[in-house]
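An overview of the molecular structure
Chain by chain, the residues run as shown.
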Amino acid sequence: MRVLGINAVFHDPAAALVVDGEIAAAAEEERFSRRKHGKRPVPFSAWEQPELSARWCLERAGLTAADLDAVAYSYDPDLVDAEYAPWEDLRTTYARKAPNFLATALPGLDPAIVRFVPHHVAHAASTGLAAPFGGNCAVLVADGRGECGSHLAGRYVDGALTTLASQRLPHSLGLMYEDLTEHLGFLRSSDEYKVMALASHAEPVHLDLLREHVVVRDGGFEIRPLDWNTLAKRRGKHDDLAQEHAELAASVQARLEEVLLSLVTWLHDRTGETRLTMAGGVALNCVANTRIFADGPFDEVWVQPAAGDAGTALGAALHVSEDELTPMPGADLGRGFSDEEIEAVLRTAAVPYKRSDDIALEAAEALAANKIVAWFQGRSEYGPRALGRRSLFANPCYAENLTRLNDVKGREQFRPVAPVVLAERASEVFTRGPIPSPYMLFVHDVRPEWIDRVPAVVHVDGTARAQTVSGDPLLERLLRVFEDRTGVPVVVNTSLNTAGRPMVDTPRDALECFGSSPIDLLAIGPFAVRR
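Here we summarise the structure given alongside this text.

Here is what the cut-offs are and how they apply
Residues numbered from 1 in each chain as written. Predicted model: local features only at pLDDT ≥ 70, side-chain atom pairs only at ≥ 80, totals over all residues. Heavy atoms only, no water. Helix = DSSP H or I, 4+ residues; strand = E, 2+ residues; numbered from the N terminus. Rg over C-alpha atoms; globule rule 2.2 N^0.38 Å. Buried < 20%, exposed > 50% of the residue type's maximum accessible area, 1.4 Å probe, protein only. Contact = heavy atoms within 4.5 Å. Areas by Shrake-Rupley, 256 points an atom, 1.4 Å probe, with all protein chains shown as cover. Patch = residues over 30% accessible without salt bridge, like charges linked within 9 Å, V, L, I, M, F, W, Y side chains within 5 Å. Salt bridge = Lys/Arg side-chain N within 4 Å of Asp/Glu carboxyl O. Phe/Tyr/Trp six-rings, centres within 6.5 Å; stacked < 30°, edge-to-face > 60°. Lys NZ or Arg CZ within 6 Å of the ring centre and 35° of its normal. Core = buried A, V, L, I, M, F, W, Y, C linked by side-chain atoms within 4.5 Å.

For the rest of this paragraph, the subject is the overall build of the chain. Counting secondary structure elements, the chain contains 18 helices and 23 strands. Against the 2.2 N^0.38 benchmark of 24 Å for 531 residues, the chain shows a C-alpha radius of gyration of 22 Å, consistent with a compact globule. When its C-alpha atoms are laid out on the principal axes, the chain stretches across 60 × 60 × 45 Å. Considering the chain as a whole, with its 531 residues, one finds that 61% of them fall into the buried category. Intrachain contacts of the chain at a sequence separation of at least 6 include 71% that bridge at least 24 residues. Within the structure as shown, the chain displays about 19800 Å² of accessible surface, and the carbon and sulfur contribution to it stands at 48%.

Have a look at this one:
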């Protein structure tokens, strides 16, 4: 069965293709359109479809739209409760018309094969049906909103989902965090990760008050109105961050973690499962994920790498597929380019380059010499994390490299960068978070003896969002050579982009980023481009 999954209603439009139970391709529209998050999550934009990523998914598999058995759309307009939100009727109208919009975007598509999948069911399927361990598991979804809810707790048994609890709007952990993001002067539905980083710079001084306003109730929660201005004044986009802003961020983050722990404990009590899978935008909060792993009742916790709305394209396709499903093989589900295609772009750009006999060796030696390396290898990642396919690497031994990378990317200086490490060496450097941790979705404590050795990747609270590597021979070689040269098995890894731009996806994107940023080496396929 050939199923194309589509996410289009809110933000992060994406497409995914499942063929005979296997994930053939998945990509976010932003990587093609070069618009961050694809579009803004307003009702007026709900008509837009991820046509570029959808076309690519079909091309990747050698299919046309006429070859599809089904299209799974991750939103069901029949479930919408529009009473609380202005303009919601417009979003719902556009969702109902999606089959016709898709047929226009993908010639040959029969609108009759489009099937609506409830938003949170698509989130649940993206993790419960894609997890590497397969079989039965508990599933927790938490995000801003779906059609009429913001949370789902359930259980997969033999591929079938049973929903045990859900939370109706307007109560929403994700919307609470979005409101806070906007209050702190950041872009809502985009910059929530900045709030998570900011939270580490203060103590949760308002936690007792927040416990009165965010209340857990039998597998769900109630969020009572609270004026953020009474705790910290609203910050303008260009205003300085004050201590009161960090304290408010820390307090909301701490309460979010407490509520999530209560929800997973309730879910464990109801299911008796030992494995928990998670999705939804809230599941991208790697600090909370580690609390759930370290302090919660489940033995294993797996988070969908594309846990945000982009992942619902994959989840919807998995939910609709009638074949036996193969677990998600990895996050490298996007576009890749042959050596010939890469070299053709380099020649067109007329930049000096050379073909390397050992590109990993050249990159590792540049890093050991404290150079910044852009790393473009293989198929791009599905989801918001750079996982060694479209990455910026640096030497972690120099504390100033945090400032240096944030300057290169044009980011706020309070934001951390992450380490990448061989899975077999990770436990020597990191603790508390799960190991292996291939998708950079948990934070880990840095062991005391390593804090001064890898200062660039140590956040102010002594943690690091580590990515472990296994099964990627090229990246493994880079890490081994770097350790041979420096004695350190860790490299700084951050996304290959600049602030406000989507992650690099094509060779042309890589050259544009390299040309506009003080990057010393672009390792693109087997080719080396130097400043």
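Residues Val-42, Phe-44 and Trp-87 make up a contiguous nonpolar surface patch of about 320 Å² in total accessible area. On the basis of relative accessibility, which here comes to 36%, the residue Val-42 falls in the partly exposed class.

Per the stated rule, a full pass over the model turns up ten aromatic pairs. Look at Phe-10 and Tyr-75: their rings are 5.6 Å apart centre to centre, the planes differ by 85 degrees, and that puts the pair in the edge-to-face class. Here Phe-10, found in the loop between β1 (2-7) and β2 (14-19), pairs with Tyr-75, found in the loop between β4 (70-73) and α3 (88-96); they are 65 residues apart in sequence, far enough to count as distant. Like Tyr-75, Phe-10 is buried. One Lys or Arg, Arg-390, reaches over the ring of Phe-376 and ends 3.8 Å from the middle of that ring. Lying across the ring of Phe-514, Arg-531 places its NZ or CZ 4.4 Å from the centre.

Turning next to the nonpolar core. Of all hydrophobic cores here, the largest spans 90 residues; its most connected members are Leu-140, Leu-173, Leu-260, Leu-276 and Tyr-382. Examining the composition of this core, we find that twelve residues originate from one element, helix α9 (residues 243-271), more than from any other. Discounting chain neighbours no more than four positions away, the residues touching Leu-260 are Leu-140, Leu-173, Val-282, Ala-288 and Ile-292. Membership of the second largest hydrophobic core comes to 58 residues, among which are Leu-346, Phe-376, Ala-510 and Ile-524.

With nine of its ten residues buried, helix α11 (residues 311-320) lies for the most part within the structure. Of all the residues in α11, the buried ones are Gly-311, Thr-312, Ala-313, Leu-314, Gly-315, Ala-316, Ala-317, Leu-318 and Val-320. Taken together, the buried residues of α11 touch β1, β2, β3 (22-28), β4, β5 (114-116) and α5 (119-128).

With the rule as written, the count across this model stands at 41 salt bridges. The shortest N-O distance in the salt bridge between Asp-332 and Arg-389 comes to 3.0 Å. You can see Asp-332 sitting in the loop between α11 and α12 (339-349) and its partner Arg-389 sitting in the loop between β14 (373-376) and β15 (390-394), a full 57 residues away along the chain. Of the residues examined, Asp-332 reaches a relative accessible area of 26% and is grouped as partly exposed. For Arg-389, a relative accessible area of 18% gives the class buried. A salt bridge links Asp-445 to Arg-432; its shortest N-O distance comes to 2.9 Å. Placement of the pair is Asp-445 in strand β18 (residues 444-446) and Arg-432 in the loop between β17 (430-431) and β18, with a sequence separation of 13 residues. Residue classification places Arg-432 among the partly exposed positions, given a relative accessible area of 33%. Taken together, the shared-partner salt bridges in this structure form one network comprising Glu-178, Asp-179, Glu-182 and Arg-188.

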